Amino acid sequence: MLTSTTRVRRELRSELLLFVHTRQALAALFVLTVGVVLSYVGSRSHAVAAVRGFEEQVARFAHQGITLEAALAAPVAVTTSGGSQTIDNPLKYDFLQLSAAVRAVEPASMAATALDFVTFLVVPLLFLFLGTRIALVDRVAGTVGFRATRQSWSTIVLAKSLVLAVAAAAAALATAGLGFLVGGAGQLFAGEVRDQVAYPLVLPESRALWAKIALTAMVGLGFGLVGYLMGALTGSSSWPLVLAALALFMAPFVVAWDPRNVMAVFGSRIYDFWGQFELRPPLPITVADAGLLVGLYAAVVLAGVLLSARRIPSMRS
């Protein structure tokens, strides 16, 4: 007699094979690769432009009798009031920004640069799509009835959810790995941006890479489960994704409990954002409150997935 663990493991294997056989894994890898390449190209262009702009700025300040050495020896402070910033030592501030921009495209840091870009601009919509496709694949293939006679639908839904977890973890690791490889290839064929800087840079310390990978994986899993729920409830993978894309990329932050704002709260504390992509400032909310909201959203989504597992879907596609 099969145990429940054995049933889940068997269904998970079937779902993983289906995920690969339907080329969803390949499509996801292609989309992530494009995202990483775009991140590198944009961040390298940003770094090169920063080098040119800083050289001009150093020349302007030199005409005013202010040397880079003197500026670096003085402290720098940034004061934010309303929507504006006041920088009391702009030459040093821009030098530090330049150092971060150059560091962003070096192989060891490009993994992190790719993660912040992909996590906010690629992963949400990608995993919404993957979630809806995993929810609808049996309807489209006409295998709902066959699978339901062999196994309880709740076990199948659990296996589908675990596939999303595996895919999210793999996507985060693949993004970091691709970032390192693309950064290395760019440095090999286009040269080091650091060689174009006439001054010794002060390279900043990056935050923990493992934390970035973990957050990217959690974001992917969260949006994947939401996508699964969308597909299970609507039976469609077209108009729900269009509405989701509009909500993700067009609608501004209106309230602090907006899920995107909660993402920004944690993202601003974990990712570096040294490349071209800059995170929009989140609306004020404490980390503790953001954590409570994450727990609430997770509970709602998981409850929805559990409820969907209680009913075998119809054969509509």
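That block above? That's the structure.
All of these numbers come straight from a predicted model, not from anything done at the bench. The residue numbering used here restarts from 1 in each chain and proceeds along that chain's sequence as written. Only residues with pLDDT of at least 70 are given local features in this predicted model, and only at 80 or more are side-chain atom pairs given and counted; all residues enter the totals for whole chains, interfaces and linings. Note that the side-chain values use all heavy atoms of the structure and ignore hydrogens as well as water.

(A) Structural context of the overall build of the protein. The helix and strand labels rest on DSSP assignments: H or I over at least four residues marks a helix, E over at least two residues marks a strand, and numbering proceeds from the N terminus. Looking only at helices and strands, the protein has 12 helices and two strands in total. N-terminal to C-terminal, the α/β element order of the protein is α-α-α-β-β-α-α-α-α-α-α-α-α-α. Once the C-alpha set of the protein is aligned to its principal axes, its extents read approximately 80 × 45 × 35 Å. For every residue, the accessible area (1.4 Å probe, protein chains only) is compared with the maximum for its type, and the residue is labelled buried under 20%, exposed over 50%, or partly exposed between those bounds. Buried positions account for 44% of the 317 residues belonging to the protein. Whether two residues are in contact is decided by their heavy atoms, any of which lying within 4.5 Å being enough. Of all intrachain contacts in the protein linking residues separated by at least 6 positions in sequence, the fraction that spans at least 24 positions is 81%. To be clear on the numbers: accessible area is Shrake-Rupley with a 1.4 Å probe, and residue cover counts the displayed protein chains and nothing else. Accessible surface, the protein as shown: approximately 16,300 Å² in total, 68% of it carbon and sulfur. Positive: Lys, Arg. Negative: Asp, Glu. His and the chain ends are not part of the count. Working definition for charges: the position is that of NZ of Lys, CZ of Arg, CG of Asp or CD of Glu. One finds the centroid of the 24 positive side-chain charges in the protein at a distance of 19 Å from the centroid of its 17 negative side-chain charges.

(B) Up close: the packing of helix 11 (residues 259–270) against helix 12 (residues 287–308). Following both chains from N to C, one finds helix 11 and helix 12 inclined at 130°, their axes separated by 10 Å at the closest point. Relative to helix 12, helix 11 is oriented oblique. Between helix 11 and helix 12 lies a crossing of left-handed hand. Where helix 11 abuts helix 12, its residues P259, V262, V265, F266 and R269 lie against V287, A290, G291, L293, V294 and Y297. Taken together, the residues of the contact of helix 11 with helix 12 break down into nine nonpolar, one polar and one charged. Angles shown run from 0 to 180 degrees and are taken between the N-to-C directions of axes, each axis being a line fitted to C-alpha atoms and, for helices, limited to the stretch in contact. Oblique is the label for any angle not under 35 degrees, not over 145, and not in the 65 to 115 range, which are roughly parallel, roughly antiparallel and roughly perpendicular in turn. By the definition used in this description, the sense in which the near helix is turned from the far one sets the handedness, with an anticlockwise turn below a right angle giving left-handed and a clockwise turn giving right-handed. Basically, the charged four are Asp, Glu, Lys and Arg, the nonpolar ten are Ala, Val, Leu, Ile, Met, Phe, Trp, Tyr, Cys and Pro, and anything else, Gly included, counts as polar.

(C) Region of interest: the side chain of T113. Take T113: it is sitting in helix 5 (residues 107–121). Classification of T113 by relative accessible area gives buried; the value is 4%. Residue contacts for T113: discarding those within four places in its chain leaves S39, S43, A104 and G275.

(D) Representation of the packing of helix 5 against helix 9 (residues 209–234). Orientation of helix 5 relative to helix 9, taken along the N-to-C sense of each, is 20°, at an axis distance of 10 Å. Taken as axis vectors, helix 5 and helix 9 run roughly parallel relative to one another. Viewed along their axes, helix 5 and helix 9 form a crossing whose handedness is left-handed. Between helix 5, through A111, A112, L115 and T119, and helix 9, the contact on the second element is made entirely by L209, K212, I213, T216 and V219. Across the contact of helix 5 with helix 9, the residue classes break down as six nonpolar, two polar and one charged.

(E) Structural context of empty space enclosed by the protein. Here a cavity denotes a set of grid points, spaced 1 Å apart and computed over the protein atoms alone, in which a 1.4 Å probe fits but from which it cannot get out, and a pocket denotes an open set meeting protein on both sides within 12 Å along at least five of seven lines; residues with an atom within 4 Å of a point are reported as lining. Grid points are joined across faces, edges and corners, and a volume is the space filled by probe spheres set on the points. Within the structure shown, the criterion is met by two cavities of 30 Å³ or more. Quantified by volume, the largest cavity comes out at close to 50 Å³. Lining the largest cavity, in full, are Y40, R44, V102, V105, E106, Q187, G191, E192, V193 and R194. Taken together, the residues of the lining of the largest cavity sort by class into four nonpolar, two polar and four charged. As a volume, the second largest cavity reaches approximately 40 Å³.

(F) View of the packing of aromatic side chains. Two rings belonging to Phe, Tyr or Trp (six-membered ring only in the last case) form a pair when the distance between their centres is within 6.5 Å. Interplanar angles under 30 degrees mark stacking, angles over 60 mark edge-to-face geometry, and anything in between is tilted. Here the structure, examined in full by the defined rule, presents eight aromatic pairs. For the ring pair F273 and F277, a centre distance of 5.9 Å and an interplane angle of 55° mean the geometry is tilted. A single burial state applies to F273 and to F277, both of which are buried. Among the aromatic residues, ring-to-ring pairing joins F117, F120, Y271, F273 and F277 into one connected group.

(G) Seen up close, the environment of R10. Secondary-structure assignment places R10 in helix 1 (residues 4–21). In this structure the C-alpha to C-alpha distance between R10 and I156, which are 146 residues apart in sequence, comes to 9.7 Å.

(H) Highlighting the pattern of salt bridges. When a carboxyl oxygen of Asp or Glu lies within 4 Å of a side-chain nitrogen of Lys or Arg, that pair is called a salt bridge. Across all of its chains, the model carries four salt bridges by this definition. The closest approach of N and O atoms between E15 and K160, which form a salt bridge, is 3.3 Å. Separated by 145 residues along the polypeptide, E15 in helix 1 and K160 in helix 8 (residues 153–190) bring together distant segments of the chain. For D258, the salt bridge identified is with R260, shortest N-O distance 2.7 Å.

(I) Focus on the nonpolar core. What we call a nonpolar core is a set of buried Ala, Val, Leu, Ile, Met, Phe, Trp, Tyr and Cys residues that are connected through their side-chain atoms within 4.5 Å. Residues F127 and Y228 are the most contacted members of the largest nonpolar core, which totals 74 residues. Ranked by the residues each element gives to this core, the list is headed by helix 8, at 13 residues. Contact partners of F127, with chain neighbours within four places excluded, come to L164, A167, A168, A171, G220, F223 and G224. By size, the runner-up hydrophobic cluster in this structure holds five residues, among which are V262, I285, A290 and L293.

(J) Focus on helix 1. How far a helix is expected to stretch is found by multiplying one less than its residue total by 1.5 Å. Look at helix 1: 25 Å from first C-alpha to last across 18 residues, which is about the 26 Å you get at 1.5 Å a residue. Within helix 1, burial applies to V8, E11, L12, E15 and F19. Taken down its axis, helix 1 places every buried residue within 110° of arc, on the same side. Residues of helix 1 that are exposed and point over 90 degrees away from its buried face: R9, R13, V20 and H21. Working note: the arc is built from the helix axis to C-beta atom directions.

None of the figures reported here should be taken as evidence of function without further support.
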